[in-house]
Amino acid sequence: MKAFLGFVSFMFISYGVSGLLHQWIDWFPTFFGFFRFLVPDGYEIHGCLVLAVLGVGVAVASDAVGKKS
């Protein structure tokens with residue numbers, strides 16, 4: 001379970017950060033492009049920021065799961 005949550009958090013953080021860089025400097029490629037379907041048009045910066053923060057939250061949760069068991 002910890003490995004799965006770690007992978008999910010990596011996907012969220014990498015898409016969030018690469019999406020923010022893509023919006024700000026307009027040439028950086030986005031990773032895990034299938035997440036673009038989760039973010040509504042016109043709210044790319046907010047959506048990428050939320051996904052990056054969600055990834056950090058999932059990473060913290062995966063550490064908590066690992067310590068508990």
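Nothing here was measured: the structure is a model prediction, and the numbers come from that model.

About the thresholds
- Residues numbered from 1 in each chain as written.
- Predicted model: local features only at pLDDT ≥ 70, side-chain atom pairs only at ≥ 80, totals over all residues.
- Heavy atoms only, no water.
- Helix = DSSP H or I, 4+ residues; strand = E, 2+ residues; numbered from the N terminus.
- Buried < 20%, exposed > 50% of the residue type's maximum accessible area, 1.4 Å probe, protein only.
- Contact = heavy atoms within 4.5 Å.
- Areas by Shrake-Rupley, 256 points an atom, 1.4 Å probe, with all protein chains shown as cover.
- Lys, Arg positive; Asp, Glu negative; His and termini not counted.
- Charge placed at Lys NZ, Arg CZ, Asp CG, Glu CD.
- Phe/Tyr/Trp six-rings, centres within 6.5 Å; stacked < 30°, edge-to-face > 60°.
- Core = buried A, V, L, I, M, F, W, Y, C linked by side-chain atoms within 4.5 Å.

Student: Hey, could you go over the overall build of the protein chain for me, with residue numbers and the actual values?
Tutor: Counting secondary structure elements, the protein chain contains two helices and zero strands. The dimensions of the protein chain, computed from C-alpha atoms along their principal axes, are 45 × 20 × 15 Å. The burial tally for the protein chain puts 29% of its 69 residues in the buried class. A fraction of 55% describes how many contacts in the protein chain between residues 6 or more apart in sequence connect residues 24 or more apart. With the model as given, the accessible surface of the protein chain reaches about 4,800 Å², and the carbon-plus-sulfur share is 72%. Mean positive and mean negative side-chain charge positions of the protein chain (4 and 4 charges, respectively) differ by 21 Å.

Student: I'd like to hear about the environment of Gly47, residue by residue, with values.
Tutor: Residue position: Gly47 is located in helix H2 (residues 44-68). With 11 residues separating them along the chain, Gly47 and Arg36 place their C-alpha atoms 9.0 Å apart.

Student: Go over the side chain of Ser62 with me, naming the residues and quoting the values.
Tutor: On the secondary structure map, Ser62 appears in helix H2. The residues contacting Ser62, other than those within four sequence positions of it, are Lys2, Leu5 and Gly6.

Student: I'd love a proper account of the packing of aromatic side chains, names of residues and values included.
Tutor: For the structure on display, the rule yields five aromatic pairs. Summarising the aromatic geometry, the rings of Phe12 and Phe35 are spaced 5.3 Å apart at their centres and angled 50° between planes, so their arrangement reads as tilted. On the criterion of sequence distance, the pair formed by Phe12 in helix H1 (residues 2-25) and Phe35 in the loop between H1 and H2 is long-range, its members being 23 residues apart. Like Phe35, Phe12 is buried. Centroid distance Phe34 to Phe35: 4.8 Å. Interplanar angle 35°. Geometry classified as tilted. The partly exposed category is assigned to Phe34, whose relative accessible area is 47%. Every member of this aromatic cluster is reached through a ring pair, and the members are Phe10, Phe12, Tyr15, Phe32, Phe34 and Phe35.

Student: If you had to explain the nonpolar core to someone new, which residues and values would you point to?
Tutor: Residues Leu5, Val8, Met11, Phe12, Tyr15, Leu20, Phe35, Val39, Cys48, Leu51 and Val58 constitute the largest nonpolar core, which totals 11 residues. Elements with a minimum of two residues in this core: H1 and H2. Top contributing element to this core by residue count: H1, with six residues. Sequence-distant contacts of Leu20, defined by excluding residues within four places in its chain, comprise Ile45, Cys48 and Leu49.

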